[in-house]
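# A look at the structure
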Amino acid sequence: MRTLSLDTQQTDSPITVKQCRLCAAELHHTFVDLGMSPLCETYPAHTDLNCGEVYYPLCTYVCDRCFLVQLEQYETPQNIFGDYPYFSSYSDSWLKHCENYCDKAIARLGLSSRSLVIEVGSNDGYLLQYFLQRGVPVQGVEPAANVAAVASRKGIPTLVRFFGAALAKELIAAGRCADLVIGNNVMAQVPDLNDFVEGLKILLNATGVLTLEFPHLLKLIEWNEFDTSYHEHFSYFSLLTTVRLMEAHGLKVFDVEELKSHGGSLRVYACRAEDQTRPVRQSVSDLIEVEKRAGLSSLDGYAGYARQVKETKWALLDLLLGAARHGKKVAGYGAPGKSATLLHYCGIGKDLIEYTVDRNPYKQGRFLPGTHIPIYHPDRIRETHPDYVVILPWNLKDEIIEQLQYIRDWGGQFVVPIPKPAIY
Ligand SMILES: [Zn+2]
């Protein structure tokens, strides 16, 4: 076993041997240990407040063979995603991003009324709706029945199932072979990664294209986005690891784009390895070179992360404790999944953030998991005039600051916790 300077002990356990989700190597190295947290998308109602909540360890490992950063699976996907409160359509900038993608994909791939677009993890139809509006046939797959029902009401055919090779074979048998397969922000949430990617390949016709979007591990490290680690996110990908994963299933990554969404994401284009119509573009080797220079092809690139995460915690606590001591009123904005990680890891409760607000009606009247910080309608901010508004979905910082300019009327300021706590 190698000796490491990662902020870690050796993580062998006498009880269980942890295995890499991608390459099955034993996992020996902690990437960062964020302590214990409840499931982040479980928002207790008032009647639940006297009940216990289950906390799970939030410790990510890095595989020393394929460098997949990963979390152990503690809860079944059925329990996590069966009734999922995440509706993709509540962010204006995200919807704009999706519409742009749709137009670009139709032009680049020449999609028409004779094509088929399949999206895995199609949520409430936030993306497929744009293909449908442009006359391109679509098929959604979404395991969360409540969000799938919203998609169906928009006229988007949606299978309420977990996706994998078995379901892909059923779709092919029913003649549903795809020109474009989309997996946006879903690969991180898949416990059986190899079965999932095998399924994606099965869906592709001979010249079909697969596009995947996911948060870029390089940005997670560079921009200190530790709160994007939570129990629903089992895996964290670099391009290096993604290429390896695709190759293991006979797929070829032929293009990649860097996106600003979700704190810095990649959009990876892949096709069948034998498809000669799509040569690998320079973008792929260029970005792999960037990742290698950042150290992501050895354990060195992962070593300093835990320290910078601690520094962020201390800085955010300094800021909020100072505000509390000076009698300032502090509210949150947003109740994203990642806020559970941020607040638990930093030890921030109602004493430091009195309440938060969210545009999603499902969350209003409920509470953040664990901390029980109440979630209200956004109007609450206008009514209570907080001195500071902590933007919990910091990836939407610009949009939220613009929407909430009115807090300047009473001298209000914004706190953005990531990458470094800062006041705007
Ligand atoms: Zn591995």
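See the structure shown above.
Residues numbered from 1 in each chain as written. Predicted model: local features only at pLDDT ≥ 70, side-chain atom pairs only at ≥ 80, totals over all residues. Heavy atoms only, no water.

Let us now look at the overall build of the chain. Along its length, the chain carries 13 helices and 17 strands. Since a compact globule built from 424 residues should have a radius of gyration of about 22 Å, the 22 Å found for the chain is in line with a globular shape. For the chain, the spread of C-alpha atoms along the principal axes amounts to about 65 × 55 × 40 Å. The proportion of buried residues among the 424 residues of the chain is 58%. Long-range pairs, those at least 24 residues apart, make up 70% of the contacts in the chain between residues at least 6 apart in sequence. Here the chain has roughly 17300 Å² of accessible surface; of this, 50% comes from carbon and sulfur atoms. Positive and negative charge centroids in the chain, built from 41 and 49 side chains respectively, lie 3 Å apart. (Helix = DSSP H or I, 4+ residues; strand = E, 2+ residues; numbered from the N terminus. Rg over C-alpha atoms; globule rule 2.2 N^0.38 Å. Buried < 20%, exposed > 50% of the residue type's maximum accessible area, 1.4 Å probe, protein only. Contact = heavy atoms within 4.5 Å. Areas by Shrake-Rupley, 256 points an atom, 1.4 Å probe, with all protein chains shown as cover. Lys, Arg positive; Asp, Glu negative; His and termini not counted. Charge placed at Lys NZ, Arg CZ, Asp CG, Glu CD.)

What follows concerns the coordination of the zinc ion. Every protein donor of the zinc ion is accounted for by Cys20 (SG), Cys23 (SG), Cys63 (SG) and Cys66 (SG), and the metal-donor separations fall at 2.3 Å. Around the zinc ion, the four donor atoms sit at angles spanning 100 to 117°, and that spread fits a shape best called tetrahedral. The sequence motif formed by the donor residues of the zinc ion is C-x2-C-x39-C-x2-C. In this pair, cysteine 23 sits in the segment before β1 (29–38) while cysteine 66 sits in the loop between β2 (55–62) and β3 (69–71), placing the two residues 43 residues apart along the sequence. Note on accessibility: cysteine 23 and cysteine 66 belong to one class, buried. (Donors = N, O, S within 2.8 Å, 3.2 Å for Na, K, Ca; no water. Tetrahedral: all angles 85-135°; square planar, octahedral: opposite > 155°, others 65-115°.)

All chains considered together, the criterion is met by two cavities of 30 Å³ or more. There is about 70 Å³ of room inside the largest cavity. Of all elements in the fold, only α7 (217–222) and β9 (235–236) reach the threshold of two or more residues within the lining of the largest cavity. Grouping the amino acids of the lining of the largest cavity by side-chain chemistry returns six nonpolar, four polar and no charged. Of the voids in this model, the second largest cavity is the one considered here, and its volume is about 50 Å³. Its residues assigned to classes, the lining of the second largest cavity shows five nonpolar, one polar and three charged. (1 Å grid on protein atoms, 1.4 Å probe; cavity = no way out; pocket = protein on both sides within 12 Å on 5 of 7 lines; lining within 4 Å. Points joined across faces, edges and corners; volume = space filled by probe spheres on them. Nonpolar A, V, L, I, M, F, W, Y, C, P; charged D, E, K, R; others polar.)

Reading across the sheet, the four strands line up as β12-β15-β16-β17 and stay open at both edges, with mixed pairing between neighbours. Where the open sheet ends on each side, the last strands, each with one partner, are β12 (330–333) and β17 (422–423). Pairing analysis gives three bridges linking strand β15 (residues 388–391) to strand β16 (residues 413–416), with the strands arranged parallel. By the bridge assignment for β16, tyrosine 388 is matched with glutamine 413. (Pairing = 2+ DSSP bridges.)

The next point concerns helix α8 (residues 239–247). The complete set of buried residues in α8 reads Leu239, Thr241, Thr242, Val243, Leu245 and Met246. Next to the buried residues of α8 lie α6 (193–203), β8 (204–215), β10 (251–259), β11 (265–272) and α9 (282–293). You can read the cap of α8 off the contacts: a side-chain oxygen lies 3.5 Å from the backbone nitrogen of leucine 240, and it is on serine 238. (Polar contact = N/O pair within 3.5 Å; in protein donor to acceptor, adjacent residues only side chain to side chain.)

All right, on to α6 then. Of all the 11 residues making up α6, eight are buried; the element is thus mostly covered by neighbouring parts of the structure. Within α6, the full set of buried residues consists of Leu193, Phe196, Val197, Gly199, Leu200, Lys201, Ile202 and Leu203.

Here we come to the environment of proline 369. The residue proline 369 is located in the loop between β13 (356–357) and β14 (375–376) in this model. For the pair formed by proline 369 and histidine 231, sequence separation is 138 residues and the distance between their alpha carbons is 13 Å. In contact with proline 369, other than residues within four places in its own chain, are Pro38, Leu39, Cys40, Thr42, Tyr43, Pro44, Glu53, Ala340 and His344.

Turning next to the packing of helix α10 (residues 305–325) against helix α11 (residues 337–346). Two elements in contact, α10 and α11, have axes whose closest approach is 10 Å; the angle formed by their N-to-C orientations is 80°. Taken as axis vectors, α10 and α11 run roughly perpendicular relative to one another. For the pair formed by α10 and α11, the contact residues are Val309, Lys310, Lys313, Leu316 and Leu317 on the first element and Leu342, Tyr345 and Cys346 on the second. (Axes fitted to C-alpha atoms, helices over the stretch in contact; angles between N-to-C directions. Parallel < 35°, antiparallel > 145°, perpendicular 65-115°, else oblique.)

This brings us to the pairing of β1. Put simply, side chains in a regular strand alternate between the two faces of the sheet. Here β1 lies mainly inside the structure; seven of its 10 residues are buried. As paired strands, β1 and β2 are joined by seven bridges and run antiparallel to one another. For histidine 29, the partnering residue across the bridge sits in β2 and is valine 62.

Going through the model one piece at a time under the given rule, you end up with 11 aromatic pairs. Where phenylalanine 67 meets tyrosine 302, the ring centres are 5.9 Å apart and the plane angle is 5°; that geometry is what we call stacked. Taken as a pair, phenylalanine 67 in the loop between β2 and β3 and tyrosine 302 in the loop between α9 and α10 lie far apart in primary sequence, 235 residues in all. The burial state of phenylalanine 67 is the same as that of tyrosine 302; both residues are buried. Residues tyrosine 406 and tryptophan 410 carry aromatic rings whose centres are separated by 6.0 Å and whose planes lie at 55° to one another, so their mutual orientation is tilted. Tyrosine 406 gets classed as buried once you look at its relative accessible area, which sits at 15%. (Phe/Tyr/Trp six-rings, centres within 6.5 Å; stacked < 30°, edge-to-face > 60°.)

Pairing is mixed across the open sheet formed by seven strands, whose spatial order is β6-β5-β4-β7-β8-β11-β10. Unpaired on one side and paired on the other, β6 (158–159) and β10 mark the two borders of the sheet. Relative to β11, β8 is paired through six bridges, and the arrangement is antiparallel. Bridge assignment links threonine 211 to a residue of β11, and that residue is tyrosine 269. Those strands touched by α9 are β10 and β11, and its axis lies near 70° from that of β10.

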